[in-house]
Amino acid sequence: MATKGFVVYLITGFSLAVLLSVHFINKHSINGGYAHPQKLLLPFPANSSGSDPKIWPDLKFNWRIVLATIIGFLGSACGTVGGVGGGGIFVPMLTLIVGFDTKSAAAISKCMIMGASASSVWYNLRVPHPCREVPIIDYDLALLFQPMLMLGITLGVSLSVVFPYWLITILIIVLFLGTSSRSFFKGIEMWKEETNLKKALAEQQKTYVNSHGELLIDTVYEPLIPKEEKTVLQIVRGNFNVKRILVLMLVWISFLLLQVFKNNLKACTPLYWLLNLLQLPVALAVFVYECVKLYKESKKRRKAGNPESICEAAIEWTGTNLAFCAVCGILGGTVGGLLGSGGGFILGPLLLEIGVIPQVASATATFVMMFSSSLSVVEFYLLKRFPIPYALYLMTVSILAGFWGQFFIRKLITILKRASIIVFILSGVIFASALTMGVIGTEKSIRMINNHEFMGFLDFCSSQ
């Protein structure tokens, strides 16, 4: 019921945003003297060939770089722990504090997400699964969502050309407020369950009776056969699935080659659109293969009466659930393409929603984000969208933050025995991103509307 209510909230919020935008356009096109209402729909200045003026501040020691370092470190640490990356914090920080233009800020944000995700994946490979003898990264879910995320990122980049920034901001805020609220209530539920479990364990450990019937009070139970401690190398081997990683790399390379070829073509030509459409069969091939695998295994276990999950998700892999995951994957990638994030703002809460425990949800989401963000970084590098010194510096900050953020939070979870901390961090990062995106969206939209800097998508294509 909660999931259905959340979907209804999203549909209602998005519909209202679109209706309000249409009303705004009609009002200004009739009363405001605009000759072409379509121009209000698009974010490009008429003299810019489809992009904001490039603004790259010099990398020098001042209060801006110090504040950006602190925010970048905290955002990367909390973002990777929650499995959301932190693009919703990085882009406003780079724009409002450091002074980058929006497109360059999105490119540097991808560099930071890639660095933080890579260091988090390296840390998670050295950590055992908290309750099972399986990898802490769920490769089945990674293969299910990664192709759809990459497909969605391509769609999001295209929509960022078509949609005005103020409409993108409204849609993202609606989405972020919904996901952060849902994650927060999920965290409260988990906190209560953990509290009840700790109370039950405390009551159980108070009294024990030995073989002679004598009552033993406050005795710590020691197992007869101690649990074998694994070395770091053994844990890494257990968490490493070479076949699945090779498949993910193949998808990554396929998308990269298509993007590289597409970027060397003139926009809106037949070959340009053909290369865009070729991404669809690449993504669908991997997604359908994984769907068939999950569906068959789930059906087989249900018939055998085996209640054990075939992966970390505590749901039955029916056609409806698989279709829902496909839509959410594309939506997550679209948000990533619009915002300059890794798509974790959808993937992290979604993994929790389908029953994945927080530690595995965080590890899996950051693993998938490492692939999606690195693809964008290579693309932006080829297009020369970001200054190398700034990107290297902030990426180094994110690498350190990703590793030490995982380290401290995992230690805190071990001490407090509350995995719900991850869910609260995830909720907080998404909510903070909604606020910062609201600030930057308002500032940029007011500037663009006052300057009447809009042009149509068709005009942009014809000028290429």
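Look above for the structure.
Model, not experiment: these values are computed from the prediction.

Enquirer: Would you mind going over the overall build of the protein chain with me for this structure?
Expert: For the protein chain, the count of helices and strands is 15 helices and two strands. Out of the 464 residues in the protein chain, the part that is buried amounts to 49%. Long-range pairs, those at least 24 residues apart, make up 81% of the contacts in the protein chain between residues at least 6 apart in sequence. Carbon and sulfur atoms provide 68% of the accessible area of the protein chain, an area that totals close to 22,900 Å².

Enquirer: Any chance you could explain the packing of helix α4 (residues 102-125) against helix α13 (residues 388-416) here in plain terms?
Expert: Axis angle and axis distance: for two packed helices, these are the angle between their axes and the distance between the axes, and together they describe the pair. Their axes nearest at 7 Å, the elements α4 and α13 cross at an angle of 35°. Two packed elements cross with a definite hand, and for α4 against α13 that hand is right-handed. Contacts between α4 and α13 pair I108, C111, M112, M114, G115, A116, S119, S120, W122, Y123 and N124 from the former with Y390, A391, L394, M395, S398, I399, G402, F403, Q406, F407 and R410 from the latter. Across the contact of α4 with α13, the residue classes tally to 14 nonpolar, seven polar and one charged.

Enquirer: In this structure, what is going on with helix α11 (residues 344-353)? I would like to understand it.
Expert: Burial of α11 is extensive: nine of the 10 residues sit out of reach of the surface. Positive backbone phi, approximately 100°, marks G355, located one or two places after α11.

Enquirer: Sorry, what's going on with a nonpolar patch on the surface here?
Expert: On the surface, F61, V66, I70, F73, L74, L400, W404 and F408 cluster together into a nonpolar patch covering about 840 Å² of accessible area. Elements that contribute at least two residues to the nonpolar patch include exactly α2 (63-82) and α13. Top element by residues in the nonpolar patch is α2. It accounts for four residues. Relative to the helices and strands, F408 resides in helix α13.

Enquirer: I keep staring at the packing of helix α8 (residues 242-263) against helix α12 (residues 358-382) and nothing clicks. Help me out?
Expert: Between α8 and α12, the shortest axis-to-axis distance is 10 Å and the interhelical angle comes to 25°. In terms of orientation, α8 and α12 fall into the roughly parallel class. Here the hand of the crossing between α8 and α12 comes out right-handed. Residue-level inspection shows I245, L248, M249, W252, F255, L256, Q259, V260 and N263 of α8 in contact with α12, the latter providing F367, F371, S374, L375, V378, E379 and L382. A breakdown of the residues in the contact of α8 with α12 according to their chemical character gives 12 nonpolar, three polar and one charged.

Enquirer: How do you make sense of the nonpolar core when you look at a structure like this?
Expert: Generally speaking, soluble globular proteins have nonpolar side chains that are buried together. L141, L144, W317, L351 and F367 are the most contacted members of the largest nonpolar core, which has 72 residues in total. Per-element accounting of this core gives the leading share, 10 residues, to helix α5 (residues 139-162). Beyond its immediate chain neighbours, meaning those up to four positions away, L144 contacts F287, E290, C291, L294, W317, L322 and C325. Of all hydrophobic cores here, the second largest spans 26 residues; its members include A107, I108, L394 and I440.

Enquirer: Even after reading the chapter, I still don't get the pattern of salt bridges, so can you show me in this structure?
Expert: A pair can form between side chains of opposite charge whenever their charged atoms are brought close. Applying the stated rule across the entire model yields six salt bridges. With its nearest N and O atoms 3.0 Å apart, the salt bridge here joins E353 to R182. A residue pair is termed long-range when its members are at least 10 positions apart, and E353 in helix α11 and R182 in helix α6 (residues 165-206) qualify at 171 residues. Given a relative accessible area of 18%, R182 falls into the buried group. Here E290 makes a salt bridge to R244, at a shortest N to O gap of 3.9 Å. On the criterion of sequence distance, the pair formed by E290 in helix α9 (residues 270-304) and R244 in helix α8 is long-range, its members being 46 residues apart.

Enquirer: How do you make sense of the side chain of S117 when you look at a structure like this?
Expert: As for its placement among the helices and strands, S117 is situated in helix α4. Judged by relative accessible area, S117 falls into the buried class, the value being 0%. Residue contacts for S117: discarding those within four places in its chain leaves T80, T366, M369 and M370.

Enquirer: Sorry, what's going on with unusual backbone geometry here?
Expert: In this structure, K417 is a non-glycine residue whose phi angle is positive, near 55°. Position of K417 relative to the elements: it lies in the loop between α13 and α14 (420-451).

Enquirer: Please clarify how the packing of aromatic side chains should be interpreted in this entry.
Expert: Each pair of aromatic rings is reported with the distance of its centres and the angle of its planes. Under the definition given, this model contains 11 aromatic pairs. Ring geometry for F184 against F185: centres 5.9 Å apart, planes inclined by 65°, an arrangement best described as edge-to-face. Note on F185: relative accessible area 48%, which makes it partly exposed. Taking the centre distance of 6.0 Å and the plane angle of 35° together, the rings of W404 and F408 count as tilted. Remark: F408 and W404 occur in helix α13; sequence separation between them is four residues, near one turn of the helix. For W404, a relative accessible area of 39% puts it in the partly exposed group. Exposure remark for F408: the relative accessible area of 53% places this residue in the exposed category. Taken together, the aromatic side chains of Y123, F403, W404, F407 and F408 make up a single cluster linked through ring pairs. One residue, R418, lies across the ring of W191, its end atom 3.8 Å from the ring centre.

How each quantity is defined
Residues numbered from 1 in each chain as written. Predicted model: local features only at pLDDT ≥ 70, side-chain atom pairs only at ≥ 80, totals over all residues. Heavy atoms only, no water. Helix = DSSP H or I, 4+ residues; strand = E, 2+ residues; numbered from the N terminus. Buried < 20%, exposed > 50% of the residue type's maximum accessible area, 1.4 Å probe, protein only. Contact = heavy atoms within 4.5 Å. Areas by Shrake-Rupley, 256 points an atom, 1.4 Å probe, with all protein chains shown as cover. Axes fitted to C-alpha atoms, helices over the stretch in contact; angles between N-to-C directions. Left-handed = near helix turned anticlockwise from the far one by under 90°. Nonpolar A, V, L, I, M, F, W, Y, C, P; charged D, E, K, R; others polar. Patch = residues over 30% accessible without salt bridge, like charges linked within 9 Å, V, L, I, M, F, W, Y side chains within 5 Å. Salt bridge = Lys/Arg side-chain N within 4 Å of Asp/Glu carboxyl O. Parallel < 35°, antiparallel > 145°, perpendicular 65-115°, else oblique. Core = buried A, V, L, I, M, F, W, Y, C linked by side-chain atoms within 4.5 Å. Phe/Tyr/Trp six-rings, centres within 6.5 Å; stacked < 30°, edge-to-face > 60°. Lys NZ or Arg CZ within 6 Å of the ring centre and 35° of its normal.

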